[in-house]
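Survey of secondary and tertiary structure
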Amino acid sequence: WSITSTNMSTTRALSLLLIATTLVVDSSAFVPASSHANLSPATTQLDIFGKAFANEDLGPKENAGLKKDPKAADVTVNGKPVPKAVAGQGVRQVMNAARVKMTYSCAKGNCGTCELLINGRIEKACVAKIPRGKCTISTY
């Protein structure tokens, strides 16, 4: 009894076919979507958590945002009002929102390239913050 190259390739193909059929998952393992309707968010299909979260009471859902409203500031840049400006916000962000072009060189407040007037005082836009209340910004 000798094995020829044709028999060898046939046995190799049959062994690969056998391996492939053993790896195929049984279609009954998949659960139809209609059975998911009865599940609560705390359970899983296999119920592996059991009653682990039964004593958890998170209370009413709260807003995930700010607890208090931000302190809006009345800001004008070169006479143009800027909506949605907030006290403590960076002047550089407000200038970008107002679409006013500024030159920034160091972005640390050292060079003075971005100097402007905020309520009549010379400030550097790269490090300055919007003050509370009314704020008038003028570029020069």
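Structure's up top.
Our next topic: the overall build of the chain. Looking only at helices and strands, the chain features two helices and five strands. A buried classification covers 16% of the 140 residues belonging to the chain. When contacts within the chain are restricted to residue pairs at least 6 apart in sequence, those whose partners lie at least 24 apart make up 36%. When the accessible surface of the chain is summed, it comes to about 11400 Å², and 57% of that surface belongs to carbon and sulfur atoms.

Further remarks concern the sheet that holds strand β2 (residues 80–82). Spatially, β2-β1-β5-β3-β4 is the arrangement adopted by the five strands of the open sheet, whose pairing is mixed. Strands at the two margins of the open sheet, each flanked by one partner only, are β2 and β4 (121–124). Direction aside, the axes of adjacent strands within the sheet are offset by 35° on average. The pairing of strand β1 (residues 74–77) with strand β5 (residues 134–138) spans four bridges and is parallel. Of the residues in β5, the one forming a bridge with Thr76 is Thr136.

What follows covers the nonpolar core. In terms of nonpolar packing, the biggest core is built from 21 residues, with Val75, Val77, Val91, Met95, Leu116, Ile130 and Ile137 touching the most fellow members. Of all the secondary-structure elements, those providing two or more residues to this core are β1, α2 (91–97), β3 (115–118) and β5. With three residues, the single largest contributor to this core is α2. Ignoring sequence-local partners within four residues, the contact set of Met95 consists of Val77, Val100, Met102, Tyr104, Leu116, Ile137 and Thr139.

This part is about the state of the cysteines. For the coordinates displayed, the defined rule picks out zero disulfides. Cys114 provides the cysteine sulfur closest to Cys126, a residue in no disulfide bond, and the two sulfurs are 3.6 Å apart.

Turning to the packing of aromatic side chains, a few remarks are in order. This model, assessed by the stated rule, comprises zero aromatic pairs. For the cation-ring pair, Arg92 lies above Tyr104, with the distance from its terminal atom to the ring centre recorded as 4.0 Å.

This next bit is on unusual backbone geometry. Unusually for a residue other than glycine, Lys84 sits at a positive phi of about 65°. Of note, Lys84 is situated in the loop between β2 and α2. Unusually for a residue other than glycine, Asn119 sits at a positive phi of about 55°. Tracing the backbone shows Asn119 in the loop between β3 and β4.

Within a regular strand, the side chains alternate between the two sheet faces. Burial along β3 is one-sided: the residues Leu116 and Ile118 are buried and none of Glu115 and Leu117 is. Pairing of β3 with β4 involves four bridges; the strand directions are antiparallel. Each bridged residue has a counterpart across the sheet, and for Ile118 the counterpart in β4 is Arg121. The sheet contact formed by β3 and β5 spans two bridges and is antiparallel.

A word on the environment of Cys126. Positionally, Cys126 belongs in the loop between β4 and β5. Here Cys126 falls in the buried class, since its relative accessible area comes to 18%. Residue contacts for Cys126: discarding those within four places in its chain leaves Tyr104, Ala107, Lys108, Gly109 and Cys114.

About the criteria used
- Residues numbered from 1 in each chain as written.
- Predicted model: local features only at pLDDT ≥ 70, side-chain atom pairs only at ≥ 80, totals over all residues.
- Heavy atoms only, no water.
- Helix = DSSP H or I, 4+ residues; strand = E, 2+ residues; numbered from the N terminus.
- Buried < 20%, exposed > 50% of the residue type's maximum accessible area, 1.4 Å probe, protein only.
- Contact = heavy atoms within 4.5 Å.
- Areas by Shrake-Rupley, 256 points an atom, 1.4 Å probe, with all protein chains shown as cover.
- Pairing = 2+ DSSP bridges.
- Axes fitted to C-alpha atoms, helices over the stretch in contact; angles between N-to-C directions.
- Core = buried A, V, L, I, M, F, W, Y, C linked by side-chain atoms within 4.5 Å.
- Disulfide = S-S within 2.5 Å.
- Phe/Tyr/Trp six-rings, centres within 6.5 Å; stacked < 30°, edge-to-face > 60°.
- Lys NZ or Arg CZ within 6 Å of the ring centre and 35° of its normal.

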